[in-house]
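Examination of the molecular architecture
Listed here are the chains, written in short residue letters.
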Amino acid sequence: MDVRTRKWLYPTAIAIVAAVMGVAAYLLMPWMIRITSDPAARTAFLEGIRQSGFGGIAAIAGLLCLQVVVPVLPAEGIQIGAGFLYGTLGGGLVCLFGLTAGTMVNHLLGRYLGAETLALFVKPDKVAKVRGLVQGGKADTIVFLLYFIPGIPKDVVAYAAGLSRYPFFRFLAVTLVARFPSLLASTFLGTRLAVNDWKTAVLVFVALTVVAVPAFVFSERIMTWISKRRKD
């Protein structure tokens, strides 16, 4: 990319990303807090989606796509809601479509905006660390692990894959297979809530939390460990 293009593309890209994040936070967060905290609002919301047919499916997928690109929404809550509405497999497929669409966007942002632009809203050292993992030998295995383990932030992985020129369709295939099991666990939780099977729902929730919370908290250490194991 030539210097002249960089001068207008980078500031424009950052302005667009900042504007989208600000508008999304302003418009969606109060609404998400309301339907999370108010049972009546949550029931009305779910029934509205159920009755809207394909529009509801598109809304769930669209929210998850937005969550990947602009992480201001609780993805797990949306996934559980999808299970509540469409069942374990149906909800899982809807979620998979939305998350894969968001992953595509992040991969393309990484590829076409470049490291200099990403460094303005993602820590450069974090991107560099993940970028080193997703290129060269064993990249497929490492990407699979990063997407398979619940709780590890995925957006940086997609950015880094785009920067490292990880083949686009291969990246989508690996991530699609890797993230599906945890999606099914979340949507299964939703189906148990739909039939008031609280015992099973609590057990599934605890199991997901036991895996996801430590993975999120120690994600940097996990990536460092994977990096060392790869060198060995």
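Reading the values: rules and limits
Residues numbered from 1 in each chain as written. Predicted model: local features only at pLDDT ≥ 70, side-chain atom pairs only at ≥ 80, totals over all residues. Heavy atoms only, no water. Helix = DSSP H or I, 4+ residues; strand = E, 2+ residues; numbered from the N terminus. Buried < 20%, exposed > 50% of the residue type's maximum accessible area, 1.4 Å probe, protein only. Contact = heavy atoms within 4.5 Å. Areas by Shrake-Rupley, 256 points an atom, 1.4 Å probe, with all protein chains shown as cover. Axes fitted to C-alpha atoms, helices over the stretch in contact; angles between N-to-C directions. Parallel < 35°, antiparallel > 145°, perpendicular 65-115°, else oblique. Left-handed = near helix turned anticlockwise from the far one by under 90°. Nonpolar A, V, L, I, M, F, W, Y, C, P; charged D, E, K, R; others polar. Expected span 1.5 Å × (residues − 1). Core = buried A, V, L, I, M, F, W, Y, C linked by side-chain atoms within 4.5 Å. Phe/Tyr/Trp six-rings, centres within 6.5 Å; stacked < 30°, edge-to-face > 60°.

1. Examining the overall build of the chain
Tallying secondary structure elements over the chain gives 11 helices and zero strands in all. The secondary structure elements of the chain, listed N-terminal to C-terminal, are α-α-α-α-α-α-α-α-α-α-α. Residues classed as buried in the chain amount to 39% of the 232 residues present. For the chain, contacts bridging at least 24 residues in sequence account for 78% of all contacts bridging at least 6. Total accessible area on the chain stands at roughly 12,300 Å², and carbon and sulfur atoms take up 70% of it.

2. Overview of the packing of helix 4 (residues 75-86) against helix 9 (residues 168-194)
Between helix 4 and helix 9, the shortest axis-to-axis distance is 6 Å and the interhelical angle comes to 55°. Our classification of the angle between helix 4 and helix 9 gives oblique. For the crossing formed where helix 4 meets helix 9, the hand is right-handed. Counted together, Gln-79, Ile-80, Gly-83 and Phe-84 of helix 4 and Leu-183, Ser-186, Thr-187, Leu-189, Gly-190, Thr-191, Leu-193 and Ala-194 of helix 9 form the full contact between these two elements. The class makeup of the residues in the contact of helix 4 with helix 9 is six nonpolar, six polar and no charged.

3. What to know about helix 3 (residues 54-69)
The terminal C-alpha atoms of helix 3, which comprises 16 residues, lie 23 Å apart, in line with the 22 Å expected from a rise of 1.5 Å per residue. Regarding helix 3, the residues found buried are Gly-56, Ile-60, Ala-61, Leu-63, Leu-64, Cys-65, Gln-67 and Val-68.

4. Some details on the nonpolar core
Core analysis: the largest hydrophobic core is formed by 27 residues, its most contacted members being Val-134, Tyr-166 and Phe-171. Breaking this core down by element, the ones donating at least two residues are helix 6 (124-133), helix 7 (139-148), helix 8 (155-163), helix 9 and helix 11 (219-231). With seven residues, the top contributor of residues to this core is helix 8. Those residues in contact with Tyr-166 that sit more than four places away from it in its chain are His-107, Arg-111, Val-134, Ala-139, Asp-140, Val-143, Ala-161, Phe-171 and Val-174. The next biggest cluster of nonpolar side chains, apart from the first, holds 17 residues, and it includes Ala-61, Ala-75, Leu-96 and Leu-99.

5. A short note on the packing of aromatic side chains
Applying the stated criterion across every chain yields a total of four aromatic pairs. Geometrically, the ring pair formed by Phe-144 and Phe-148 is stacked, given 5.6 Å between the ring centres and 15° between the ring planes. Residue Phe-144 and its partner Phe-148 are located together in helix 7, separated by four residues, close to a single helical turn. You can call Phe-148 partly exposed: its relative accessible area is 36%. Plain terms: the ring middles of Tyr-166 and Phe-171 are 5.4 Å apart, the flat faces sit at 75° to each other, and that makes the pair edge-to-face. Tyr-166 gets classed as buried once you look at its relative accessible area, which sits at 3%. Residue Phe-171 is classed as buried on the basis of its relative accessible area, which comes to 0%.

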